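Chain by chain, the residues:
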Amino acid sequence: MVDHLAFSQENRERIHTVENSFGPSGKTLFQPGRVLIGEGRLMKQSRRGPQPKAFFLFNDVLVYGSIILSGRWHKKQKIIRLEDIQLEDLEDSVRMRYQWLIRTPRKSFYVAASSYEEKRAWIEHIEDCRTKLLQNNNLKPGSTFAVTWIPDEASAICMRCSNKFSVTQRRHHCRKCGFVVCGACSKKRAMIRHIHPTKWLRVCNVCHPNLSMAETEPQDISRVRGDSTGKITQMKMKWMRGPLKKKGQRSRWRTMIPADGWTPGPLMFTSNQST
């Protein structure tokens, strides 16, 4: 009983710490039965190239955001329900080692860890939490997912008309197929409700005719977005299964007594706690 109460109190404090790190713009994260499993820094592929993001795994949701001050302040909080997540393991690419794909209804994206061991730990713990959540709550897994955007740097030409991109001929993405296209080939807009229930989204000229009348907008709209590139930096991860160690220390994390009958898998790997 004492151990259970100690776990509950420590878990509550850790969740509030994560919650407060997002400031007033972040949503409330603490709720009965929610357990913070682990946290870490992963590289997330974006329009600007791979960017470091802080990820927090709970027993029912995955939370991530941009890093303002490492370990203390974050912004642009995103919360994804685990039942809406689908993972796909991937081979290393030229720019992203130890990567995998996270699919969700609203957005699908690539992430990468700093080592193969960390990659496997993330995938296994997310899958384990998701499986237990579906079984214990009689939930159905998601079946509709957003396409993965092809990175800007993957194509120097529009993937529809083959015109070269330049300072004035900017890159855009079709939200239906994920292709890199020019502004002229993506003037149309459509309602893709699993991505956003009310927003008109950019689609290319090839995908637009295949959408229903109810999904398409009657007029053309054009927007311009820039693109840039980024560099991959070092990533670290720590799992919430024991006392935090000071910078540079090496720790084998111990399994703690779970709250509300939820049983996480054992954490057996060793993690460097340098940041």
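Residues numbered from 1 in each chain as written. Predicted model: local features only at pLDDT ≥ 70, side-chain atom pairs only at ≥ 80, totals over all residues. Heavy atoms only, no water.

As annotated in an unreviewed UniProt entry, the protein carries the name Pleckstrin-like proteiny domain-containing family F member 1 and is attributed to Larimichthys crocea.

Hey, could you run me through the overall build of the protein in this one?
Looking only at helices and strands, one finds 2 helices and 14 strands in the protein. Scored against the burial criterion, the 275 residues of the protein give a buried share of 44%. Within the protein, contacts between residues separated by at least 24 positions form 51% of all contacts whose residues are at least 6 apart in sequence. Only carbon and sulfur atoms are counted for the fraction: they give 51% of the accessible area of the protein, which is about 14900 Å². (Helix = DSSP H or I, 4+ residues; strand = E, 2+ residues; numbered from the N terminus. Buried < 20%, exposed > 50% of the residue type's maximum accessible area, 1.4 Å probe, protein only. Contact = heavy atoms within 4.5 Å. Areas by Shrake-Rupley, 256 points an atom, 1.4 Å probe, with all protein chains shown as cover.)

Would you mind showing me how to read the pattern of salt bridges here?
It is possible for side chains of opposite charge to pair when their charged atoms get near one another. Under the criterion given, the structure shown has 11 salt bridges. Arg34 serves as the salt-bridge partner of Asp60, at 2.9 Å between the closest nitrogen and oxygen. Placement of the pair is Asp60 in the loop between strand 2 (49-58) and strand 3 (61-69) and Arg34 in the loop between helix 1 (2-21) and strand 1 (36-46), with a sequence separation of 26 residues. Of the residues examined, Asp60 reaches a relative accessible area of 15% and is grouped as buried. Asp89 serves as the salt-bridge partner of Arg120, at 3.0 Å between the closest nitrogen and oxygen. Remark: Asp89 occurs in strand 5 (residues 86-89) and Arg120 occurs in helix 2 (residues 116-137); sequence separation between them is 31 residues. Where salt bridges share partners, they join Asp89, Lys119, Arg120 and Glu124 into one cluster. (Salt bridge = Lys/Arg side-chain N within 4 Å of Asp/Glu carboxyl O.)

When you look at a positive patch on the surface in this model, what are you seeing that I'm missing?
Positive charge collects at one region of the surface, where Lys27, Arg48, Lys75, Lys76, Lys78, Arg106, Lys107 and Lys199 lie side by side. Mapped onto the fold, Lys76 is located in strand 4 (residues 73-81). (Patch = residues over 30% accessible without salt bridge, like charges linked within 9 Å, V, L, I, M, F, W, Y side chains within 5 Å. Lys, Arg positive; Asp, Glu negative; His and termini not counted. Charge placed at Lys NZ, Arg CZ, Asp CG, Glu CD.)

I would appreciate a short explanation of the confidence of the model for the protein in the present structure.
Atomic detail in the predicted coordinates should be set aside for any region of low pLDDT. Confidence along the protein averages 81 in pLDDT terms, with 78% of residues attaining 70 or more. Taken together, the stretch residues 220-275 has pLDDT below 50 and engages in 156 contacts with residues farther than four places along the chain or on a different chain. (pLDDT = per-residue confidence, 0-100.)

Looking at this model, I keep getting lost on the environment of Pro24. Mind explaining?
Structurally, Pro24 is set in the loop between helix 1 and strand 1. Residues Pro24 and Lys75 lie 51 residues apart in sequence; the distance between their C-alpha atoms is 9.8 Å.

What's the story with the side chain of Arg175 in this structure? I'm lost.
With respect to the element layout, Arg175 can be found in the loop between strand 8 (172-173) and strand 9 (180-181). Here Arg175 is buried and forms no salt bridge, its nearest opposite-charge partner Asp152 lying at an N-O distance of 9.1 Å. A polar side-chain atom of Arg175 sits 2.7 Å from the main-chain carbonyl oxygen of His173. (Polar contact = N/O pair within 3.5 Å; in protein donor to acceptor, adjacent residues only side chain to side chain.)

Please explain unusual backbone geometry as it appears in this structure.
Glycine aside, residues mostly have negative phi angles, and peptide bonds mostly take the trans form. Non-glycine residue Tyr98 carries a positive phi angle of around 55°. A positive phi angle is found at Ser162, which is not glycine, with a value near 70°. Note that Ser162 resides in the loop between helix 2 and strand 8. Residue class for Ser162 comes out partly exposed when judged on its relative accessible area of 47%.

Explanation requested: the pairing of strand 3 in the structure shown.
Regular strands place their side chains on alternate faces of the sheet. For strand 2 and strand 3, the ladder comprises 5 bridges, and the chain directions are antiparallel. Bridging from a neighbouring strand, Lys53 pairs with Ser66 of strand 3. Alignment of strand 3 against strand 4, held across 7 bridges, turns out to be antiparallel. Bridge pairing in strand 4 links Leu62 to Ile80. (Pairing = 2+ DSSP bridges.)

I'm lost on helix 2 in this one. Help?
Helical geometry note: an α-helix holds 3.6 residues per turn, so side chains three or four residues apart project in the same direction. With 22 residues, helix 2 extends 32 Å between its outermost C-alpha atoms, agreeing within 8% with the 32 Å of an ideal straight helix rising 1.5 Å per residue. Among all positions of helix 2, only Glu118, Lys119, Ala121, Trp122, Ile123, His125, Ile126, Cys129, Arg130, Leu133 and Leu134 are buried. At the C-terminal side of helix 2, Asn138 shows a positive phi close to 55°. (Expected span 1.5 Å × (residues − 1).)

Would you explain the nonpolar core in this entry?
Note on soluble globular proteins: their nonpolar side chains tend to be buried together. Counting 22 residues, the largest nonpolar core has Phe55, Leu57, Leu62, Ile85, Trp100, Ile102 and Trp122 as its most contacted members. Among the secondary structure elements, those contributing two or more residues to this core are strand 1, strand 2, strand 3, strand 6 (99-103), strand 7 (109-112) and helix 2. Ranked by residue count, the leading element in this core is helix 2, at 5 residues. In this structure, Cys158, Val180, Cys185 and Leu201 belong to the second largest nonpolar core, which totals 16 residues. (Core = buried A, V, L, I, M, F, W, Y, C linked by side-chain atoms within 4.5 Å.)

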